[in-house]
Amino acid sequence: MTLEEKVGQLHQVPPFFFSDSLVNEVAGPLRKYKISEAQLYRVGSILGTAGPEEMRQLQTMYLEKSRLKIPLLFMADIIHGYKTIFPIPLAIAATMDVERSRLAAKIAAKEAATSGIHVTFSPMADLARDARWGRVMESSGEDPFLNYQMTYAAVKGYQGESLKDPSTLAACGKHVVAYGAAVAGKDYTQAEVSKHSLYQYYLEGYRACVDAEAELLMSSFNVVEGVPSTVSPFVLKTLIRQHLGFKGVIISDYDSLNEAQFHHVTHTGEETALKGMQATLDIEMSSGIYQNYIIPLIKKGQLSERLLDQAVLRVLQLKEKIGLLDDPFRGLNPALEATLPLSEAHYQAAYDVAKASPILLQNEGVLPLNKEDDVVFVGSLLDEQNLLGAWAWHGEAERTASLGMVLRQRYSHELIPFDTLNETHVARIQNAKKVVVVVGERSKEFGEARSKVSPTLSEEHIQLWHQVIAINPSVITLVLAGRPLVLPSKIETSKGLLYSFYLGSAMADVLADTLFGQLNPSGTLPMTLAREVGQLPLHTLSLPTGRPFEGKTYTYTSHYIEGVNSPLYPLGYGLSYTSFSLLKAKKMHENDQAILLEVTIKNTGTIPGEHPVFAYLHTPPVPVALPEKTLVGVSRISLDAGATQTFTVTLPKHHFYYYDTQYRRQSFLGPFTVTVSLIGETLDVSC
Ligand code: GLC
């Protein structure tokens, strides 16, 4: 390989670099780069093609003109489905079910691979604790244990048993590191996180990617410890490659290598290229720094060709692992791409993943509805068809049923699909027995570059909600969101409150089935619901304070003089249409890998139900500040009405850790106390 050909392998470009007719920009603004046609026909990969024909056209064109004919790698953002859209990752986290995380990834890979995609820029493994950040929707929420478990499962789902299987995708975990600690919840700036928190909490998601053998990791836009991750040896070498042991390909985020100059950390193209290579960044996404500046650096003896060779080797090894060197069109299957997505089986899978996500927060006997109920539905979101959420590029909102469509199809209840009410509407609402008011945010209001300074309901929805509850107290509030919104302060006067993150293709069916009782809600909060915007960022398992407030009159305690400390609802909160009783919990077994608890539970209600059971470790005495409790286990249980059963809850011991003051990972020493929790009931277990 010539130097030019080596460097070319480290450059990834959007498809429209090749031809104006291939305009399908899927990520970020295109800046004018000085890339020659010769350089273009030496790039190593493409991001964001728009389907099988475009992929075939590009690969064929490229192979005809390329000297070495090393096939292009095709990568894309398949975040929660290709054409069959699954719930957004935050909604899958609300199911607390790793199997659902794995299944959604597996089917997404199966569909996307038929379009010739080889790598997905997923899972996003960033710990997310700030509801202002638009990308919390892509995360598994605020808890490191949950983040690890859901991320690990997603990588396994995408990659399957072997990447030689053409129905799999290589996973690219992102964004290393700590993008979720974005200051003020805004994208592209800096992550303000202490080194101890970085190791203790924020690394867990990326560790999950490495443990699950993700083939790629993506560097983040943000600055960490004073340096943009993309050019940071501390982030990419010390943390990712040395501390976590990652041996795969590191790709930059879109243009983030070039943008090191806008962070004023590098000042020339050559310096930017040098710092990227020294940090062991392998592939540059979209900008042309590597193609334009690596060779002069090598020729001037400022950069060793060995570093370049190591990066190129990682890229070529990835292409070989995926089977691309044997078949440049690995996985491509236009006929299957046209039929497999949105097949009945895949729609059913999307429904099965989604049905465990809606979170019942309040219910004073008003839910589930029955079809004889005199209930009226209010709110323009009833007619919203884009229920796919952000990052659903290939999804087809126009083919997605709105909640209103499903309700009209199944029932004869009156729908008032407006946020502004006229006298007729008011009169109808006034004399209805129950009112379901649908409020929240739309798909375009969350995701990348969708941070909110005030993540509340819109003014219009706040007014609608107050107006409805003023004319009829029997209100059931249905919230649709991509993040944990701050709800109106009087929200607890709702007789019912059902919270749903965006659930994708099957959302309307799942919500209708949940409202009318065909489904018993079993989701729980993966992120804390704050009472006030001023509390943000807020997460439940936070560090204890030296001066806990707890309602004490003593002034000098940790509190707000004009607000409250407590969240509206904490991590893990969620009710059921049935009730359960925790009868017994004890340690059943222990080995090097895990502690197994045996938990006996009774369904004391009149309908079958599923729900997550949580296990929290009481933090043993260690020389660093940690939350008083740590989530170390979660398991979904399922019981028929009146049934009693014993379940196993597994506590993986690799979560029994802390980082000491030298940032060394240490294991907690027993004996342990673990609190088992199920819808507010708890039992302590000595282990
Ligand atoms: C975006 C996102 C990243 C995505 C990439 C490619 O800017 O930050 O998550 O994978 O560009 O679309």
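The structure displayed is predicted, hence computed values, not measured ones. (Residues numbered from 1 in each chain as written. Predicted model: local features only at pLDDT ≥ 70, side-chain atom pairs only at ≥ 80, totals over all residues. Heavy atoms only, no water.)

Chemist: Explain the environment of alanine 208 to me, please; I cannot follow it from the model alone.
Modeler: Looking at the secondary structure, you find alanine 208 in helix H8 (residues 204–211). Given the relative accessible area of 0%, alanine 208 is considered buried. In this structure, alanine 208 is in contact with Tyr148, Thr151 and Tyr152, ignoring residues within four places of it in sequence. (Helix = DSSP H or I, 4+ residues; strand = E, 2+ residues; numbered from the N terminus. Buried < 20%, exposed > 50% of the residue type's maximum accessible area, 1.4 Å probe, protein only. Contact = heavy atoms within 4.5 Å.)

Chemist: Explain the pairing of strand S5 (residues 170–176) to me, please; I cannot follow it from the model alone.
Modeler: It is a general feature of regular strands that their side chains alternate between the two faces of the sheet. S5 sits mainly inside the fold: 7 of its 7 residues count as buried. For strand S4 (residues 119–120) and S5, the ladder comprises 2 bridges, and the chain directions are parallel. Along S5, the bridge assignment pairs valine 119 with alanine 170. Remark: the S4/helix H6 (residues 144–159)/S5 crossover connection has right-handed handedness. (Pairing = 2+ DSSP bridges. Right-handed = clockwise from strand over helix to strand, strands pointing away.)

Chemist: Any chance you could explain the layout of surface pockets here in plain terms?
Modeler: It is the rolling of a water-molecule-sized probe over the atoms that shows where space remains empty. Quantified by volume, the largest pocket comes out at close to 760 Å³. Surrounding the largest pocket, 20 residues form its lining, Thr540, Ser542, Leu543, Thr545 and Asn565 being those nearest its centre. In the lining of the largest pocket, the residues fall into 10 nonpolar, 7 polar and 3 charged. (1 Å grid on protein atoms, 1.4 Å probe; cavity = no way out; pocket = protein on both sides within 12 Å on 5 of 7 lines; lining within 4 Å. Points joined across faces, edges and corners; volume = space filled by probe spheres on them. Nonpolar A, V, L, I, M, F, W, Y, C, P; charged D, E, K, R; others polar.)

Chemist: Could you clarify how one ought to interpret the nonpolar core in this entry?
Modeler: Nonpolar side chains in soluble globular proteins tend to end up buried together. Val177 and Leu597 are the most contacted members of the largest nonpolar core, which has 227 residues in total. Filtering out sequence-adjacent residues up to four positions away, leucine 597 remains in contact with Lys586, Lys587, Met588, Ala615, Phe647, Thr648, Val649, Leu651, Val674, Val676, Val685 and Cys687. The next biggest cluster of nonpolar side chains, apart from the first, holds 5 residues, and it includes Val486, Ala530, Leu536 and Leu538. (Core = buried A, V, L, I, M, F, W, Y, C linked by side-chain atoms within 4.5 Å.)

Chemist: Is there a simple way to think about the packing of aromatic side chains in this case?
Modeler: Two descriptors summarise a pair of aromatic rings, namely the distance from one centre to the other and the angle between the planes of the rings. Counted under the stated rule, the structure contains 17 aromatic pairs. Ring geometry for phenylalanine 656 and phenylalanine 672: centres 5.0 Å apart, planes at 75 degrees, overall edge-to-face. Taken together, the residues phenylalanine 656 in the loop between strand S21 (644–652) and strand S22 (657–659) and phenylalanine 672 in the loop between strand S23 (665–667) and strand S24 (673–678) connect sequence positions 16 residues apart. A relative accessible area of 8% means that phenylalanine 672 is categorised as buried. (Phe/Tyr/Trp six-rings, centres within 6.5 Å; stacked < 30°, edge-to-face > 60°.)

Chemist: Is there a simple way to explain the packing of H6 against H8 in this structure?
Modeler: Relative placement of two packed helices is described by the angle separating their axes and the distance separating the axes. At a closest axis distance of 8 Å, the pairing of H6 and H8 adopts a crossing angle of 30 degrees. Classified by the interaxial angle, the pair formed by H6 and H8 is roughly parallel. For the crossing formed where H6 meets H8, the hand is right-handed. Counted together, Pro144, Asn147, Tyr148, Thr151, Tyr152 and Val155 of H6 and Glu204, Gly205, Arg207, Ala208, Cys209 and Asp211 of H8 form the full contact between these two elements. Within the contact of H6 with H8, the residues separate by chemical class into 6 nonpolar, 3 polar and 3 charged. (Axes fitted to C-alpha atoms, helices over the stretch in contact; angles between N-to-C directions. Parallel < 35°, antiparallel > 145°, perpendicular 65-115°, else oblique. Left-handed = near helix turned anticlockwise from the far one by under 90°.)

Chemist: Before we go on, may I ask you to explain H6 in this structure?
Modeler: The α-helix winds at 3.6 residues per turn, so residues separated by three or four positions along the chain end up facing the same way. For H6, spanning 16 residues, the distance from its first C-alpha to its last is 22 Å, which sits close to the expected 22 Å at 1.5 Å a residue. With 14 of 16 residues buried, H6 is to be regarded as a mostly interior element. The distance from a side-chain oxygen at the start of H6 to the backbone nitrogen of phenylalanine 145 is 2.9 Å, and the residue carrying that oxygen is aspartate 143. (Expected span 1.5 Å × (residues − 1). Polar contact = N/O pair within 3.5 Å; in protein donor to acceptor, adjacent residues only side chain to side chain.)

Chemist: Would you take a moment to explain the sheet that holds strand S6 (residues 216–219) for this structure?
Modeler: Strands in a sheet are paired, the pairing made by backbone hydrogen bonds, and the direction either parallel or antiparallel. With parallel pairing, 8 strands are arranged side by side in an open sheet as S9-S6-S5-S4-S3-S2-S1-S10. Taken across any chain shown, the strands that pair with only one partner, and hence form the sheet edges, are strand S9 (249–251) and strand S10 (284–285). Sheet topology places S5 next to S6; 4 bridges connect them, and they run parallel. Each bridged residue has a counterpart across the sheet, and for glycine 173 the counterpart in S6 is leucine 217.

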